[in-house]
Amino acid sequence: MFGRPGGKVALGWWSEVARSNPFHAYLHQRNRARVSVRSVVLRLRAGDGNSKMSSVYINNSHAVDDDDFYDRNLALFEEEMDTRPKVSSLLNRLANYTNLTQGAKEHEEAESNGEKRKASKAPQMGTFMGVYLPCLQNIFGVILFLRLTWVVGAGGVLQALCIVLVCCCCTMLTAISMSAIATNGVVPAGGSYFMISRSLGPEFGGAVGLCFYLGTTFAGAMYILGAIEILLMYIAPQAAIFIASAAEGEGAALLNNMRVYGSICLLLMSLLVFVGVKYVNKLASVFLACVIVSILSIYIGALVSAFIPPDFSVCMLGNRTVNGHALSDNQCAKTVLGAVTTAIWKHFCDSSELNATCDDFFTHSKFTTIQGIPGLASGIITENLWSTYLTRGDVLEKPSLPSTHVSAPATNQRPYVFADITTSFTLLVGIFFPSVTGIMAGSNRSGDLKDAQRSIPIGTILAILTTSLVYLSSVVLFGCCIDGVLLRDKFGDSVKGILVVGTLAWPSSWVIVIGSFLSTFGAGLQSLTGAPRLLQAIAKDNIIPFLRVFGHGKANGEPTWALLLTACIAELGILIASLDLVAPILSMFFLMCYLFVNLACALQTLLRTPNWRPRFSYYHWSLSFLGMTICLALMFISSWYYAIVAMVIAGMIYKYIEYHGAEKEWGDGIRGLSLSAARYALLRLEEGPPHTKNWRPQLLVLLKLDEDAHVKSPGLLTFASQLKAGKGLTIVGTVLSGNFLHSYGEALAAEQTLKHLMDKERVKGFCQCIVAHKPRDGISHMIQSSGLGGMNPNTVVMGWPQAWRQSEDPQSWKTFINTVRITTAAHLALLVPKNISLFPCNSEPCSEGYIDVWWIVHDGGMLMLLPFLLRQHKVWRKCGMRIFTVAQMEDNSIQMKKDLATFLYHLRIEAEVEVVEMHDSDISAYTYERTLMMEQRSQMLRQMRLSKSDREREVSYRWPDHSNVRRMHTAVKLNEVIVNKSHDARLVLLNMPGPPRNPQGDENYMEFLEVLTEGLERVLLVRGGGSEVITIYS
């Protein structure tokens, strides 16, 4: 702040300098004004005076002493402070930014409303607790404990390693793409859906978001089925409600038990989620501890087996595996002491006597016992390297054991261990892939992270590396420690129903059983907690109208309705009742989600959008495309029909959002791709003028607004929609009279009016509003500047000036004629519908009638092409087409008709042809009378604009001009012929004559057009653009 003495010294100094330099004098005066204003401000701030001074530079509501809007150093910008805030205030808002819950209003909108948010607790979670551990918990799941050993047994160690490696590579590449997206700006809470939707747009975002939701929901069903399988198979088999009376019904009984207990479990878990989500979150660490303890017990058991292999004997009859449940006396032999038959005897013989009739394979084979867990140092991996795929109903066999040559078929009446499902490489991929999902758990918690842009990439990638290492090492350990027969025994029947992976665990198999049950139960709770919130986020974004109800919930924001829908969808998975059938379903939905994450990253990278600046720099578009390719390949490898169904579902959702969803502009990559594609196409179009075969009407529709900003002739847009049938370029323009600086708001309102009318008429295109002092200048500017590159309008549609004779202001018809001249100079075609109010609307199709074309002069084929285009629309589809042409006395009318028919045949246009002969006749008295009336009216109007002296010099009467008489004669004769032939036509198209070169005859030109179209209900005046628009060549 400058003091007053300093100010006086400064003024004195400037006064001395100003005496010697006029320019300095100017600066001196300006500085005096500045100091005086400053002194006023200082006095007001010091309390000198009670009145408030309103600044002329800012709104009256803001006083000069308002620090938010007045700054001495920014006075030049003070008028724009309300729309362009100071950098300091902008940075202050950004610094106080807090993550919003997904599904709330966009943070930009929330900031702009000016409401002060309540201070919220700053997120404090780091990489380890916020990303790494949640990802571990979601990735490790039921497949690791229930199916990984079976995958290794069926596919062999090599193929199992290949499956695990491909699936882990898929998730790793997806995590790299996700990290790039997650670090490209702030990701609100619920980040996975936010990333996809904001990167690919609302259509892809909604489709993929719903697929991700369905995948998460079916994952909950899979976890529940896994928990129930552990309960009924390994913890409490006696709890089964349905018990099969025969071996054939065991599978159906198991599925029914799974359905009953699964439904009960789903109901209880849903109630728990509904009542208290906080308890679910608190138990998450307990469930994660169970997972870690279970995995550690497997590793310790594998190391212990190298020195002390656990005793799990598998009974074999020849090379066939015997069901351990049949060994009630624990005797894997035919007889004991050579005379007493064992419990297994009666399963193969008709009695327990030694002389009983027995199964041939039983008679010729011997019982042997093998170790199910030979141990880490046994070398069993050599037998487990290769695949052993089985068909449903096949017996589990050990190829290295001797077998009898008796080929007795194994039936389910015998106590063998059978394959319950036909296995293949593709099936194993579909079943295993859910065990690597869950990589987005960290991004879903982005709202709780201290530094999400750092924690999400590091935590997610480390979690994938950890889980991949665990899976790969587990495959090798299982192949090294467990016999192949036991590996292929999915439910552990050969070891009396013990969980197969539990046989390797240390110190007891119950560590794995209890740990896997709790962890699977917890994973199901997490899925039922996350899926409703994801659906609520989609519903609150309001991109899918029929999901709006699921955006509501309890007073605290809990998604009640979304939870109900999630439970119903999960019940469908429960009713399937088979873990092996549910796993491929959710694999499809997760793979589709991962595919589009990779696509989003690749698009953003290739398009090089200015906003694409990820902090995570270890990505490349080729990695994203590789991840996308792997996702697509895995979808079709695991189940091609499920893949097609998932794509169809996503496609239907995409089209629904595109046509019926709320419009959202999120600055997504698809819009960027559209811009790049449009730019490329426009540059290609610039290479040369379009060929005649590619010519199509690109319309510029000129509409006029009244004083209330309503369109005067909306029928013009209806006609344009019928002509275009919703295709091609359409620009709807209007001109406002005035100054653009003062009429900007009116121009925006006019554009909104035009957009509303375009939506109503279903016209796809753009609208343009120009403000000009004179309408004719605005129209000229619009015709010159509309379009871009090769997408310029080539046809102008404008209305006929109604009641132009009665109008006191001649500007309307003068503007009309001026527009005709401008279109001619610009080599544009011109369409003028006369009596547009009588044209049919889109809801009134013409049931019959003709479209008559009067081909007077050649205009490039416009008159031939327009009826063809109109008949593509439902309004004119049932109308026939007639073409009339005029023959003079010297023409051969018969040959003309043949030639015209041949020409239409080559054009592939069906129409009736007629040649009208016009004989030379004397000019009638009616023609002279019409010409005289026209010229007298013109003279009267001209005299009204003259002064009194000029009026006296003007000749009061003269004979009609000969050229006007000839033109009137042509108009009258043509009108007589047209009315005679086409009085019943639905629409008449005829050539529009050009305006006179001398502007003084403009009034006569309008009169000629009136006479030419007199007595016709619907007329379309057509004026070609000077180029051919139709060709007979292919």
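In the block above lies the structure referred to throughout.
Since the structure is predicted, the reported quantities are computational estimates derived from the model, not experimental observations. Every chain is numbered on its own, with residues counted from 1 as its sequence reads. Local features in a predicted model are, by the rule used here, given only for residues with pLDDT of at least 70; side-chain atom pairs are given and counted only at 80 or more, and totals for whole chains, interfaces and linings are based on all residues. Hydrogens and water are ignored here; the side-chain numbers use all heavy atoms of the structure.

Student: How would you sum up the overall build of the protein? Please name residues and give values.
Tutor: Along the backbone of the protein there are 33 helices and 15 strands. Exposure categories follow from relative accessible area, calculated using a 1.4 Å probe and restricted to protein chains: below 20% of the type maximum is buried, above 50% is exposed, and the middle band is partly exposed. The buried share of the protein, reckoned over its 1034 residues, is 49%. We call two residues in contact whenever any of their non-hydrogen atoms come within 4.5 Å of each other. Long-range pairs, those at least 24 residues apart, make up 79% of the contacts in the protein between residues at least 6 apart in sequence. Carbon and sulfur atoms form 58% of the exposed surface of the protein, whose accessible area is close to 51,300 Å². We count a stretch as a helix when DSSP gives it H or I for four or more residues in a row; a strand needs E for two or more, and each element gets its number in order from the N terminus. Here the open area of atoms and residues is found with the Shrake-Rupley method and a 1.4 Å probe, where only the protein chains shown may cover a residue.

Student: Please set out the sheet that holds strand E8 (residues 766-772) residue by residue, giving values where relevant.
Tutor: If DSSP finds at least two bridges between two strands, the strands pair. Across the sheet, ten strands lie side by side as E8-E7-E6-E9-E10-E15-E14-E11-E12-E13; this open sheet has mixed pairing. At either margin of the open sheet sits one strand with a lone partner, and together these are E8 and strand E13 (912-917). Taken pair by pair, the neighbouring strands of this sheet meet at an average axis angle of 20°, ignoring direction. As paired elements, strand E6 (residues 699-702) and strand E9 (residues 795-798) share four bridges and run parallel to each other. As a rule, the C-alpha atoms of each element are fitted with a line to give its axis, helices using only the stretch in contact, and angles between N-to-C directions run from 0 to 180 degrees.

Student: Which residues make up empty space enclosed by the protein, and what are the values?
Tutor: Definitions used throughout: a 1 Å grid over protein atoms alone; a cavity as a set of points that fits a 1.4 Å probe which cannot get out; a pocket as an open set with protein on both sides within 12 Å along at least five of seven lines; a lining residue as one with an atom within 4 Å of a point. Grid points are joined across faces, edges and corners, and a volume is the space filled by probe spheres set on the points. Considering all chains together, one arrives at five cavities of 30 Å³ or more under this definition. Roughly 60 Å³ of volume is contained in the second largest cavity. Around the second largest cavity, the lining residues are Val-273, Phe-274, Val-277, Pro-532, Arg-533, Lys-554, Glu-558, Pro-559, Thr-560 and Leu-563. Of all the elements in the fold, those that place two or more residues in the lining of the second largest cavity are helix H9 (250-275), helix H18 (509-540) and helix H19 (560-576). Put simply, Ala, Val, Leu, Ile, Met, Phe, Trp, Tyr, Cys and Pro go in the nonpolar bin, Asp, Glu, Lys and Arg in the charged bin, and everything else, Gly too, in the polar bin. Among the residues forming the lining of the second largest cavity, the class breakdown is six nonpolar, one polar and three charged.

Student: Please give an account of the sheet that holds strand E1 (residues 313-317) that cites residues and values.
Tutor: Read across the sheet, three strands follow the order E2-E1-E5 without closing on themselves; strand pairing throughout is antiparallel. Edge positions in the sheet fall to strand E2 (320-321) and strand E5 (367-371), since each has one partner strand and no second. Pairing between E1 and E5: five bridges, direction antiparallel. In the sheet register, Val-314 faces E5, and the bridge partner there is Ile-370.

Student: So what about the side chain of Asn-323? Which residues, and what values?
Tutor: Mapped onto the secondary structure, Asn-323 falls in the loop between E2 and strand E3 (335-336). A polar contact is formed between the side chain of Asn-323 and the backbone nitrogen of His-325, at a distance of 3.0 Å. Excluding anything up to four places from it in sequence, Asn-323 contacts Pro-415, Tyr-416, Val-417 and Asp-493. Here a polar contact means two N or O atoms within 3.5 Å. Within protein one must be a hydrogen donor candidate and the other an acceptor candidate, and residues neighboring in sequence count only if both atoms are side-chain atoms.

Student: Quick one: what's the story with the packing of aromatic side chains, residue by residue and with numbers?
Tutor: In this description, an aromatic ring pair is defined by two values, namely the gap between the centres and the angle between the planes. Any two rings among Phe, Tyr and Trp, with Trp reduced to its six-membered ring, count as a pair given centres within 6.5 Å; such a pair is stacked if its planes are under 30 degrees apart, edge-to-face if over 60, and tilted if neither. Applying the stated rule across the entire model yields 24 aromatic pairs. Ring centres of Phe-719 and Phe-839 lie 5.8 Å apart, and the angle between their planes is 85°; this geometry places the pair in the edge-to-face category. Placement of the pair is Phe-719 in helix H24 (residues 715-724) and Phe-839 in the loop between strand E10 (829-834) and strand E11 (850-855), with a sequence separation of 120 residues. On the accessibility criterion, Phe-839 (10% relative accessible area) is buried.

Student: Quick rundown of the environment of Ile-243? Include the residues and the values.
Tutor: With respect to the helices and strands, the residue Ile-243 is situated in the loop between helix H8 (191-235) and H9. Between the alpha carbons of Ile-243 and Ala-253 there is a distance of 5.9 Å; along the sequence they are ten residues apart.

Student: With reference to specific residues and values, describe the nonpolar core.
Tutor: Take the buried Ala, Val, Leu, Ile, Met, Phe, Trp, Tyr and Cys residues and link them wherever side-chain atoms come within 4.5 Å; each set so joined is a nonpolar core. Within the largest apolar cluster, 162 residues are counted, with the highest numbers of intra-cluster contacts made by Met-222, Phe-432, Phe-433, Tyr-471 and Phe-478. The leading source of residues in this core is H8, at 23 residues. Core analysis: the second largest hydrophobic core is formed by 54 residues, Trp-695, Ala-747, Ile-851 and Leu-987 among them.

Student: Lay out the state of the cysteines with the relevant residues and their values.
Tutor: Cysteine sulfur atoms are paired as a disulfide whenever they fall within 2.5 Å. For the structure shown, the criterion picks out two disulfides. Between the sulfur atoms of Cys-349 and its disulfide mate Cys-358 the distance is 1.8 Å. The sign of the 105° torsion about the S-S bond sets the Cys-349-Cys-358 disulfide as right-handed. For Cys-358, a relative accessible area of 16% puts it in the buried group. For the protein, the bonded cysteines pair up as 1-2, 3-4 when numbered in the order they occur along the sequence. With no disulfide partner, Cys-593 has as its closest neighbouring cysteine sulfur the one in Cys-211, 8.3 Å distant. Note on Cys-593: relative accessible area 0%, which makes it buried.

Student: Describe the environment of Leu-477, naming the residues involved and giving the relevant values.
Tutor: Assignment of secondary structure puts Leu-477 in helix H16 (residues 452-481). Spatially, the C-alpha atoms of Leu-477 and Ile-381 are 8.9 Å apart, while their sequence positions differ by 96 residues.

Student: Residue-level account of unusual backbone geometry, with values.
Tutor: In this chain, Trp-506 is followed by Pro-507 through a cis amide linkage whose omega measures 5°. As for its position among the elements, Pro-507 is in the loop between helix H17 (484-488) and H18. Even without being a glycine, Arg-762 presents a positive backbone phi close to 55°. As for its placement among the helices and strands, Arg-762 is situated in the loop between helix H25 (744-761) and E8. By relative accessible area, which is 72% here, Arg-762 ends up exposed. Within the chain, His-827 stands out as a residue other than glycine whose phi angle is a positive 55°.

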